[in-house]
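# Examining the three-dimensional arrangement
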Amino acid sequence: MARTLSFTAALNEALHIAMEADDDVIIIGEDVAGGGGRKDQGIEDAWGGPFGATRGLIGKFGPERVRDTPISEMGFLGVAVGAAATGLRPVAEIMFIDFLGVALDPLLNQASKMRYMFGGKARVPLTMRTNVGAGNRASCQHSQALYGMTVAIPGLKTVIPSTPADAKGLLLASIRDDNPVVFCETKSLMNSEGEVPEGDYEIPLGTASVVREGGDVTLVGMGRTVHTALEAADALAEDGLQADVVDLRSLYPLDEATVLASLEKTGRLVVVDEATPYCGIASEIGALCIDKGFDFLNAPVKKVTAPHTPVPFSPVLEDEYMPSQEKIVAAVHEQLGWNT
Amino acid sequence: MISREEALDVYQQLRTIRSFEEKLDTMMKAGKMAGFLHLYVGQEAVAVGVCSHLNDRDYVSSNHRGHGHCIAKGVDLKGMMAELFGKKTGICKGKGGSMHIADLDRGMIGANGIVGAGIPQAVGAALTVSVKKTGGVAVAFFGDGATNQGQFHEALNIAATWKLPAVFILENNGYGEATPAEFAAPMTDLAVRAKSYAMHSLVADGMDFFDVFEKAGEAIDRARKGEGPSLVECKTYRFLGHFVGDPIGYRTDEELNDWKTNRDPLPTFETKAIEMGLVSADALRRIDAEVTAEIEAAVASAEEAPFPSPEDVLTDVYVTE
Ligand SMILES: Cc1ncc(C[n+]2csc(CCOP(=O)(O)OP(=O)(O)O)c2C)c(N)n1
Ligand SMILES: [Mg+2]
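Let me begin by describing the structure that accompanies this report.

Reading the values: rules and limits
- Residues numbered from 1 in each chain as written.
- Chains lettered and ligands numbered in written order.
- Predicted model: local features only at pLDDT ≥ 70, side-chain atom pairs only at ≥ 80, totals over all residues.
- Heavy atoms only, no water.
- Helix = DSSP H or I, 4+ residues; strand = E, 2+ residues; numbered from the N terminus.
- Rg over C-alpha atoms; globule rule 2.2 N^0.38 Å.
- Contact = heavy atoms within 4.5 Å.
- Areas by Shrake-Rupley, 256 points an atom, 1.4 Å probe, with all protein chains shown as cover.
- Lys, Arg positive; Asp, Glu negative; His and termini not counted.
- Charge placed at Lys NZ, Arg CZ, Asp CG, Glu CD.
- Near = heavy atom within 4 Å.
- Polar contact = N/O pair within 3.5 Å; in protein donor to acceptor, adjacent residues only side chain to side chain.
- Buried area = accessible area lost by both parts, 1.4 Å probe.
- Salt bridge = Lys/Arg side-chain N within 4 Å of Asp/Glu carboxyl O.
- Nonpolar A, V, L, I, M, F, W, Y, C, P; charged D, E, K, R; others polar.
- Buried < 20%, exposed > 50% of the residue type's maximum accessible area, 1.4 Å probe, protein only.
- Pairing = 2+ DSSP bridges.
- Axes fitted to C-alpha atoms, helices over the stretch in contact; angles between N-to-C directions.

## Looking at the overall build of chain B
Summing up its helical and strand segments, chain B has 10 helices and 7 strands in all. For 321 residues, the compact-globule estimate of 2.2 N^0.38 gives 20 Å, and the C-alpha radius of gyration of chain B, at 19 Å, lies within 12% of that figure. Overall size of chain B, expressed as C-alpha extent along the three principal axes, is 55 × 50 × 40 Å. For chain B, the proportion of contacts with a sequence separation of at least 24, taken over those separated by at least 6, is 73%. As presented, chain B carries roughly 12600 Å² of accessible surface, and 52% of it is formed by carbon and sulfur atoms. Each charge sign in chain B was given a centre, from 32 positive and 46 negative side chains, and these centres are 3 Å apart.

## Here's the deal with the site of ligand 1
All names here are of chain B. Looking at ligand 1, there are 15 residues lining it, with His64, Arg65, Gly113, Gly145 and Tyr175 nearest. Between ligand 1 and Asn173, the relevant distance is 2.8 Å, taken from an oxygen atom to a side-chain nitrogen or oxygen of the residue. For ligand 1, an oxygen atom lies 2.8 Å from a polar atom in the backbone of Tyr175. Protein chains shield 75% of the accessible area of ligand 1, which is 580 Å² for the free molecule.

## Details of the side chain of Asp177(A)
The topology assignment puts Asp177(A) in the loop between helix H7 (164-176) and strand E7 (181-186). Beyond its immediate chain neighbours, meaning those up to four positions away, Asp177(A) contacts Arg89(A), Pro125(A), Lys157(A) and Leu205(A).

## Comments concerning the interface of chain A and chain B
Where interface size is given, it is often the accessible area lost as the parts come together that is meant. The interface of chain A with chain B comprises 44 residues on the first partner and 39 residues on the second. The largest share of the area that chain A buries against chain B comes from Thr86(A), Tyr116(A) and Phe118(A), three residues that together contribute 19% of it. In this structure, the connection of chain A to chain B is made through 2 salt bridges. Note that Asp24(A) and Lys132(B) form a salt bridge whose closest N and O atoms lie 2.8 Å from each other. Summed over the shared surface of chain A and chain B, the number is 19 residue pairs in polar contact (both at pLDDT 80 or more). Mapped by element, the contributors of at least two residues to the side of chain A that touches chain B are strand E2 (25-29), strand E3 (66-68), helix H3 (73-85), helix H4 (104-111) and helix H5 (114-117) of chain A. Looking at the side of chain A that touches chain B, the element that brings in the most residues is H3(A), giving 10 residues. Looking at side-chain class alone, the side of chain A that touches chain B contains 20 nonpolar, 13 polar and 11 charged residues.

## Looking at unusual backbone geometry
Residue Pro253(A) follows Tyr252(A) across a cis peptide bond; omega there is 0°. Mapped onto the elements of the fold, Pro253(A) is located in the loop between strand E12 (250-252) and helix H9 (256-266). A positive phi is found at Asp45(A), a non-glycine position, where the angle reads about 60°. On the secondary structure map, Asp45(A) appears in the loop between E2 and helix H2 (57-61). A positive phi angle, close to 50°, is found at Lys163(B), a residue other than glycine. Along the chain, Lys163(B) falls in the loop between helix H6 (150-161) and strand E3 (166-172). Here Lys163(B) falls in the exposed class, since its relative accessible area comes to 52%.

## What to know about the pattern of salt bridges
Evaluated as defined, the whole model comprises 41 salt bridges over all chains. Measuring nitrogen to oxygen at the nearest pair gives 2.9 Å for the salt bridge that ties Glu334(A) to Lys302(A). On the criterion of sequence distance, the pair formed by Glu334(A) in helix H12 (residues 325-339) and Lys302(A) in strand E14 (residues 302-304) is long-range, its members being 32 residues apart. You can call Glu334(A) partly exposed: its relative accessible area is 49%. With its nearest N and O atoms 2.8 Å apart, the salt bridge here joins Lys88(B) to Asp312(B). Taken together, the residues Lys88(B) in the loop between helix H4 (77-84) and helix H5 (118-132) and Asp312(B) in the segment after helix H10 (281-304) connect sequence positions 224 residues apart. Classification of Lys88(B) as partly exposed rests on a relative accessible area of 39%. Assessed through its relative accessible area of 18%, Asp312(B) is described here as buried.

## Points about the sheet that holds strand E11 (residues 243-247) of chain A
Residues and elements named next belong to chain A. Reading across the sheet, the 5 strands line up as E9-E11-E10-E13-E14 and stay open at both edges, with mixed pairing between neighbours. Among the strands making up the open sheet, the edge pair consists of strand E9 (209-212) and E14. Looking at each pair of strands side by side, their axes are set apart by 25° on average, direction ignored. Where strand E10 (residues 217-221) meets strand E13 (residues 269-272), 3 bridges bridge the pair, whose relative direction is parallel. The residue of E13 that forms the bridge with Thr218 is Leu269. Strands in contact with helix H10 (residues 281-292) are E13 and E14; relative to E13, the strand with the most contacts, it is inclined by about 160°.

On their own, these measurements won't tell you what the molecule is for.
Right, dumping it as structure tokens:
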């Protein structure tokens, strides 16, 4: 039975299931409970995480397994790496991916490389949950979509769900994966709702999904831009053009086959990403099309991304910054123009 | 205090680390090895004094100067030597090299090429043993230089706040690369840094096995009893350069000779252990010969071992099964 849940509630459900099923799963991060150590004053779980995704866990699983940390991203991420390498299965939360600036080493040089450096003998089943993306007027240092950076680090996997149902299944799969996984939660989607199946299920990492079928153009998105692409697909349908919309879901491993199969069907591809344009997933998808889908292409691959600027604050500017339905439609029309 | 049997074992380890490192120094200078080598000669009493209290359920994290910690924690010598030669039979299949030797089965969770990075990892291991209630402890070895890193401070604060069974072994050898410790931090006893975290701290003579053994023992005992972490500063000295090939130049010959002549941890141990009636000089000379033979055998087997195949570059990135 599926019910309607918010993204946050779906994540929360996944965490409850994961902790129930496996005593080795622990939660570690800033204010994952809140009001730490004040149980005798009747205070516990004041926040349940900055967005409420970890609510109720401390009450059920106790402070030993649900740990509010000092504001020490580098320190507690390093602690989580050590705990993962020695037998726990930590879910560490870096509130905003932007904060990796003060915490990168445990990911960049430790978690990602231990298995390799140690000749295949280490397992680092760490999940790093983190919040990404713009659209909430959170400005330059709380809005970036830096997953391109983690995708570029061998040894890490990077995941970004676009619906509550995928969020739950991908989070369960990420926690149970024996590799370090960066799990990106798009902040502008946290309150969005969707049908979520009950119970325990996993969505395998590395599987994209085709969320709308059409034969004229492929729109590839991830996280929030899947929804932008779907809006664009509606607009295109009014002009009689049918779009195939692919939700990548997992950025590494990347489901190349699903992208290429769609391109083969449509001959045109627009990739939509709210990250900045250089050295990112959009460029990577473009390269994939040229390398392995060249014969399918009837028009140049188009990237609809954020500009090469920081994320601005002013709503007028931020709205301009984000990929939009209009920009996608314009890119598709450019492709059609090229073709005729 | 230690028994006669343990005393022989201690000497065997001190000697093994010393001879292993000196052999590497010679081979590196003869062009037989590649990479960076940071040798532990002079600091042996610290690794051995600390690890004498540990067993396989205890964890150790280490730094770039890690060979001594690995040997004292029981990592296989042949596997280490093969690793240093980049051979397929190396403890990390030749993929890690000197700065990344690890053996999780022995509780050795890794040397480290990033100064300070092993410290929070030991705290993570302490979290594991605490959540799993194994009765184990986790020890981080690091240098004076590492205490100026953020990872040190964040990790100590977390360990102290959470009262984890962690022990921080600060090997103050007076230098971080070419920079004197007193030029990088404004105090002589770096152990005082524990005070910021309301953490127990001790200062030990890092050249004297017995003193390290006693102070580290106190810290490890406290951790095992659930009394929280400690910082143990061991005053020590490295007899060789920062790495093999270091032109040095930042310290005087008088300073070096004083430490080597008067404080060398091997003769210091030998004199004391003989005085205490624990060992005889003859027994120690037999150990010297055995250790030399063992290291020659490790070198020979490493030299004969195959290199990895080029395709092995692609394996061991992810857990795939
Ligand atoms: C983050 C980082 N910064 C700088 C270096 C380069 N480096 C390697 S060892 C070292 C000195 C470390 O000094 P200390 O911690 O006292 O250890 P010691 O070498 O004296 O044993 C430095 C600066 C590094 N490996 N990692
Ligand atoms: Mg030093």
